[in-house]
Amino acid sequence: MIDRHFPGPATRYPVPFRGLPLLLLLALFLLPGLVGHDPWKAEDATHLGIVWRLLQGDGGLVLQLGRDAWPDAMPLYYWTAALAAKAFAWLLPWFDGARLATALYAALSLGFLALASRELHGRDESASAPLLLAGCIGLLVHSHEAQPAIAFLAAQAATLAGLTLLRRHPWSGALVFGGGALTAFLAAGLAALPGLLLPLVLLPWLAPRKTLVAPLLLLSLALAAIGPLLWSVLLTPAQAGVWWNGELAQLRSLEAGWRNALVLLNMLPWYAWPALPLALWTLWARRREWLTATPAPALLLPLAAFLASFLTVVSTVDAKSVAALPLLAPLALLGAGGIKTLRRGATNLFDWFGMMTFTVAAALIWLGWSAMVFGLPPKIARNFVKLAPGFEGSFALFPVLFALALSAAWFWLIFSSPRSPYRGLTHWTAGVTLLWGLVAALWFPWVDYGKSYRPVVAGLTQALPAKHGCVAVRGELSPALKASLDIFGDLRPLPLTSSDGKRCDWMLALVPVKSSGTAGTGWERVWEGARPGDKTERLRLYQRRAG
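Residues numbered from 1 in each chain as written. Predicted model: local features only at pLDDT ≥ 70, side-chain atom pairs only at ≥ 80, totals over all residues. Heavy atoms only, no water.

Chemist: Mind showing me how you'd approach the pairing of strand β5 (residues 506-511) here?
Modeler: A regular strand places its side chains so that they alternate between the two faces of the sheet. Taken across its 6 residues, β5 has 5 buried, putting it largely inside the fold. Two strands pair when backbone bridges link them, and β5 and strand β7 (residues 538-544) are joined in this way by 6 bridges, in the antiparallel orientation. Looking across to β7, one finds that Met-507 is bridged to Tyr-542. (Buried < 20%, exposed > 50% of the residue type's maximum accessible area, 1.4 Å probe, protein only. Helix = DSSP H or I, 4+ residues; strand = E, 2+ residues; numbered from the N terminus. Pairing = 2+ DSSP bridges.)

Laid out in structure tokens, this is it:
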């Protein structure tokens, strides 16, 4: 008879990558793409704009973007990014140094998740959950941009690790949990805490003795409460009022919550791949355990954490990619427990799918690089130029050598990995690392050309005289554009109807690309510009007519 399964759970099957090879793989996942490019449109530029104000001495407890206060942003990530920018100023531009804060918090996320995985699944499987988290599609971009949500992810992973430690080290576990909750508050605010605190209802099942349940609960809640209490004291009454109103404004109506839930459920199949299918398999494969009086913590804790995070996300923020990050760590921790129970056919299919997907994707990335640099194939080269008009690719030796080394390591890995239930997971995460590393090495000059506002702001500042005085803005600029004007041009436009009564002779307006409208009587258009290939927005500069 053909054995369709790997041997049972009692058989030891350690994850193939452990120790130094595992650290090298995760470093190759985390570091490429963090440096070597401008602040990019959307999240990256916005958060770096807040860091830039900190470096200029503006902000602190209440952060600032351009000329505007940003009271909804909590300071932990921005403080860390500003310190990293200063620490690496001798080596990197400030925005590259600031993004290293993302690598720090992403590494902490993986480390705490490894600790939780060891406690729940055993020492041999401690690397499975961090490998699964690193392989999630939804984490890829956000873990390589300036992103405070990664600081919250690290805090969430710490709370999960603390809860898993309660059985063997109850007081240490409570301290780690409380410290993680305090860090989560400093990273994401009050609205993020319910998803972390709700799993405390499992304390009667997690504590080693019933008499410890109440003391551990009090210690955990006391540490978690330090942040909100201290924050209310440090802020002025006016600042505290604005902050509390902002926190309460995040609460969504029941109708909006249902919409958020539907968006997240539609997003998760690709966003949480491959953690979601593995988590569902774990629940199915171990379904009989739910009939027992005390289901295993390896099932109960990750599932409770996922449900708590899901309810928190749908009720407090608009469902979008970055908002779904808190769902990944519980799914990875749950899915890690079911990998060994996969049937051999499913394991081989997952392995084959990953190897084929990333090998073909790597070949396409190399083909695209050839088109950008050498113009071959011509049809693909024309498509790149169409998407980024004016871009000219050039050959750079070090990135090419790095990409060649990654490609060679990939083929060595897929042909040399030992047979194991974890082979497919290892190949998948290594494939994600290969894909991102190749894009960072070979395509980032082209991506940077299209996503940076630097050329637009340079054209704008050249159109302004040296002593231009104040600049007003008509309408509302996007946060990323506000940040880019400040970073690249030292421009912080005033509202057109400024409360301080200033009369500006220059005005900016953000308009649709095909707009032919004017700024009205008394204004003359002197300049306009847009990012290469941008088909949605154009920035225009007007000067007040004399008289």
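Having seen it, we continue.
Chemist: Looking at this structure, how should I read helix α20 (residues 423-451)?
Modeler: Across its 29 residues, α20 extends only 37 Å between first and last C-alpha, which sits more than 12% below the 42 Å expected from 1.5 Å per residue. The axis of α20 is deflected most strongly, by about 70°, at Trp-443, and proline Pro-445 appears within four residues downstream. The buried count for α20 comes to 25 of 29 residues, which makes it a mostly enclosed element. (Expected span 1.5 Å × (residues − 1). Bend = angle between axes of the 7 residues up to and from the residue.)

Chemist: How should I be thinking about the side chain of Thr-102 in this particular structure?
Modeler: Relative to the helices and strands, Thr-102 resides in helix α4 (residues 94-121). Excluding residues that lie within four positions of it along the chain, Thr-102 makes contacts with Leu-34, Tyr-77, His-142, Ser-143, His-144, Glu-145, Ala-146, Gln-147 and Ile-150. (Contact = heavy atoms within 4.5 Å.)

Chemist: Explain the packing of aromatic side chains to me, please; I cannot follow it from the model alone.
Modeler: What characterises a pair of aromatic rings is the spacing of the ring centres plus the angle enclosed by the ring planes. One pass over the full model with this rule turns up 24 aromatic pairs. A centroid spacing of 4.8 Å and a plane angle of 70° characterise the contact between Phe-358 and Trp-428, whose relative ring orientation is edge-to-face. Of the two residues, Phe-358 sits in helix α17 (residues 344-374) while Trp-428 sits in helix α20, which places them 70 residues apart along the sequence. In textbook terms, an aromatic cluster arises when at least three aromatic residues are bridged by ring pairs, as seen for Trp-273, Phe-350, Phe-353, Phe-358, Trp-410 and Trp-428. One residue, Arg-287, lies across the ring of Trp-284, its end atom 3.9 Å from the ring centre. Just above the ring of Tyr-453 sits the side chain of Arg-531; from NZ or CZ to the centre is 5.3 Å. (Phe/Tyr/Trp six-rings, centres within 6.5 Å; stacked < 30°, edge-to-face > 60°. Lys NZ or Arg CZ within 6 Å of the ring centre and 35° of its normal.)

Chemist: Sorry if this is basic, but what is going on with the environment of Ala-332 here?
Modeler: Looking at where Ala-332 falls in the secondary structure, it is placed in helix α16 (residues 328-336). We classify Ala-332 as buried; its relative accessible area is 0%. Each C-alpha atom, one on Ala-332 and one on Ala-134, is 9.2 Å from the other, the two residues being 198 residues apart in sequence. Apart from the residues within four sequence positions on either side, Ala-332 is in contact with Leu-113, Ala-129, Leu-132, Leu-133 and Ala-275.

Chemist: Explain the pattern of salt bridges to me, please; I cannot follow it from the model alone.
Modeler: Should the charged atoms of two oppositely charged side chains come close, the side chains can pair. Summed over the entire model, instances satisfying the criterion amount to 20 salt bridges. Lys-482 is the salt-bridge partner of Asp-68, the closest N and O atoms lying 2.7 Å from each other. In this pair, Asp-68 sits in strand β2 (residues 68-70) while Lys-482 sits in helix α22 (residues 479-489), placing the two residues 414 residues apart along the sequence. Here Asp-68 falls in the partly exposed class, since its relative accessible area comes to 32%. Since its relative accessible area comes to 18%, Lys-482 is described here as buried. (Salt bridge = Lys/Arg side-chain N within 4 Å of Asp/Glu carboxyl O.)

Chemist: Looking at this structure, I do not really get α4. What am I missing?
Modeler: Along an α-helix, a turn takes 3.6 residues, which lines up residues three or four apart on a common side. An ideal rise of 1.5 Å per residue puts 40 Å on 28 residues; α4 measures up with 41 Å between its terminal C-alpha atoms. Counted residue by residue, α4 has 20 buried out of 28 residues, so it is predominantly covered. Positive backbone phi, at 110°, marks Gly-122, one or two positions downstream of α4.

Chemist: What exactly am I supposed to notice about the environment of Asp-58 here?
Modeler: Take Asp-58: it is sitting in the loop between α2 (43-55) and β1 (63-65). Distance from Asp-58 to Ala-69, taken between C-alpha atoms, is 9.7 Å for residues 11 residues apart in sequence. Polar contacts involving the side chain of Asp-58 include one to the side chain of Arg-53, which spans 2.4 Å. (Polar contact = N/O pair within 3.5 Å; in protein donor to acceptor, adjacent residues only side chain to side chain.)

Chemist: Sorry, what's going on with the sheet that holds strand β6 (residues 523-529) here?
Modeler: Strand order in this open sheet of 5 strands is β4-β3-β5-β7-β6, and the pairing throughout is mixed. If you trace the sheet from one side to the other, it starts and ends with β4 (494-495) and β6, each paired once. Bridge count for strand β3 (residues 471-474) against β4 is 2 bridges, and the pairing is parallel. Pairing of Ala-472 across the sheet is with Leu-494, part of β4.

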